[in-house]
Amino acid sequence: MVLDTILTNSDLIIISITGEKIKLKHRINRKSNNIDPNRESQKYSRLFRNFTVLTIVCSLIPLLLVGWGINIHYTKFAKSRMINSIQSRVEHHGKIIKLFLEEHSSKLKLIAFTHSKSYLREPAHLQHIFEMMNKEHSVITDIGVIDENGRHLAYIGPYDLMDKNYSQAFWFAEAMEKGIYISDMFMGFRKEPHFIIAVTRSEEGKKWILRATVNSQAFRSLVENVRIGKTGEVYLVNSDGIFQTSPRFSGNIMEKAPFRPGPYHDEATVNIFKGGNPESGFSNQITAETWLSNPQWKLVVKQDYSEAFADVNHANFATLIFLHLSALSILIVTIFITKYMISMIKKRDIEAENLNQQLMQAGKLASIGELAAGVAHEINNPLAIILTERQILLDLFGITKIDDAEFSRQLKESMDQIDVQALRCKTITHNLLRFSRRTQSMIETIDLNQFLEEVIDLMEREAKTSGIKFIPDLDTSLPPILSDPSQLQQVFLNLINNAINAHEGKPYGTISITTRGDENKKGVQITFADTGSGISQGNIEKIFDPFFTTKEVGKGTGLGLSICYTIIKKLGGNITVKSKINEGTEFELFLPFDLPAELKESMTDDDQNELSSTRIKI
């Protein structure tokens, strides 16, 4: 017997068995049998996208281009006017602060040059001047007369500063040199932020200073007297980047600003910054800036961009809402129509593919069955000859006198072994014929626990050589079942062999076999659990497919579990599997106590009457 198998890229199978001249030809399209779900999904997505894009190009784009063009033109015009308004506002506010400082500097200069040092050093006179300066608004915190050596000649205010000497203070030298000086914010002897206005006068060849401290709260109220909503802040920062007032979000007075103030310039500027202030939580900000000349302080007004342009944005929203509602209605109708079309196309494709898969599977199984039947018949013929020749040898041995007793014993054992192995081959071919449905099954009443114990005894020796131990847990109250013992033996042996092979590379392991009766389902649950290498999640869905195997090439056909699945289903049961990598695999079988209805319907009346007897042929 010669067996030739040719597998090409298109899975062309040609089987030629000389003797009975059985020829099997079957072509399987691998591409159609293994459809990539991702590729199918991409195909329908691409089709949906093409329909949608075509509709958008023809209808939505012209509508949106006109609407957006009008909106962009209006937005640009409105924002330009808003920026000019913000710039004018910060310029106006900078002039107010500048006038405030110039006014109080002029008042202090007028007092110094219209009153003598001897007059101002009198506390009553200085108190009267202090009250007059704060008559309308409490702007001046204190006032003092200081001689050329930095000592107080007179002081009116809430602090005890008469004994303080200012000769080493930074502002003292500036005031003596410039004649009039407005300082930056500093701590001084008060230990709190403040700034002073100092005027220097020379009298009888000696200089003296009239110094006034500006009320920080009053000055801050003046600086922040800009209506900038919930997100805005106004502050002053000097040329060194030190805050002269406390910003609302970005720092405190006399702290270093997180940005460089830049060079001094006369014009007010407006900038829009992306990213905003992390502490304020605003994403984009609009900033208006202008410089004061004396002192060189920068006035900064910040506001959240969305709040500053809230009115413009509201107008944009009102303009665009009708445009986008119109576009949305067109898009929704397009999507619904396109989805319906794609769903109909997909439904037709699925129906066609299901029919194709069924044809492919039927053809594949038919080819396998024909192959199995042909091989079994071809092997049965030489087996019959071998058994006949064995019997002839035994007959000759019986009538021939042989003096060597040891030779006679060995010959007898060899003949017996030939008989055992020939019968084993016959059983294998019988199973092949059963798989191809060319032979009859034998149904009988089975004590499942005793049957499993026999299978365990049969496999125990092989398991021990691999360091594997059986752990049976059999339900003693289990009633007998009606089934095919030869087919069940094939299933049980296959599952145990797979469990033993799963321990390859491990020094030891266990195979647990459990039976439990289920009165609700009227059947028995049989569990085979091993501690082997396990099955990956990607393979666990394929293990019952024909020809699928995880074994190396030449070590597995991929038919074992497929045949097991077919047998259990034919007997009215079910088989499921659970597995974890490196932890083990568990196969759970369910077998009914009685034959399934469809199997009984295929039996003759005589067969059904003999179900209670020892064996029934179906």
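Note: the structure precedes this text.
Residues numbered from 1 in each chain as written. Predicted model: local features only at pLDDT ≥ 70, side-chain atom pairs only at ≥ 80, totals over all residues. Heavy atoms only, no water.

Considerations on the nonpolar core
Right, on to step 1. Judged by nonpolar contacts, the single largest core of 48 residues is most densely connected at Leu-101, Leu-108, Ile-143, Val-145, Phe-195, Leu-210 and Phe-219.
Right, on to step 2. For Phe-195, the residues in contact, after removing those within four places along its chain, are Leu-101, Ile-182, Ser-183, Asp-184, Met-185, Phe-186, Ala-212, Thr-213, Val-214, Phe-219 and Trp-297.
Right, on to step 3. One finds Ala-463, Ile-540, Phe-544 and Leu-571 within the second-largest nonpolar core, a separate group that totals 42 residues. (Core = buried A, V, L, I, M, F, W, Y, C linked by side-chain atoms within 4.5 Å. Buried < 20%, exposed > 50% of the residue type's maximum accessible area, 1.4 Å probe, protein only. Contact = heavy atoms within 4.5 Å.)

Description of the side chain of Thr-75
Right, on to step 1. Note that Thr-75 resides in helix 2 (residues 37–114).
Right, on to step 2. Setting aside residues no more than four positions away along its own chain, Thr-75 makes contact with Val-312 and Asn-316. (Helix = DSSP H or I, 4+ residues; strand = E, 2+ residues; numbered from the N terminus.)

What to know about the sheet that holds strand 6 (residues 180–182)
Right, on to step 1. Pairing is antiparallel in the open sheet, where 5 strands are placed in the order 5-4-8-7-6. Each edge of the open sheet is held by one strand with a lone partner, namely strand 5 (152–156) and strand 6. In this sheet, neighbouring strand axes are inclined to one another by 15° on average, regardless of whether the strands run parallel or antiparallel.
Right, on to step 2. Here strand 7 (residues 195–203) runs beside strand 8 (residues 206–214); their pairing, made up of 9 bridges, is antiparallel. Residue pairing for strand 8: Arg-201 is matched across the bridge by Trp-208.
Right, on to step 3. Seen against the sheet, helix 4 (residues 123–133) touches strand 4 (140–147), strand 5 and strand 8 and runs at an angle of roughly 145° to strand 4. (Pairing = 2+ DSSP bridges. Axes fitted to C-alpha atoms, helices over the stretch in contact; angles between N-to-C directions.)

Points about helix 10 (residues 448–465)
Right, on to step 1. Taking 1.5 Å of rise per residue, 18 residues should cover 26 Å, and helix 10 covers 26 Å from first to last C-alpha, within 8% of that figure.
Right, on to step 2. Largest kink in helix 10: about 45°, centred on Met-459.
Right, on to step 3. Those residues of helix 10 not exposed but buried are Leu-448, Asn-449, Phe-451, Leu-452, Val-455, Ile-456, Met-459 and Ala-463.
Right, on to step 4. Looking at the residues trailing helix 10, positive phi occurs at Gly-467, about 75°. (Expected span 1.5 Å × (residues − 1). Bend = angle between axes of the 7 residues up to and from the residue.)

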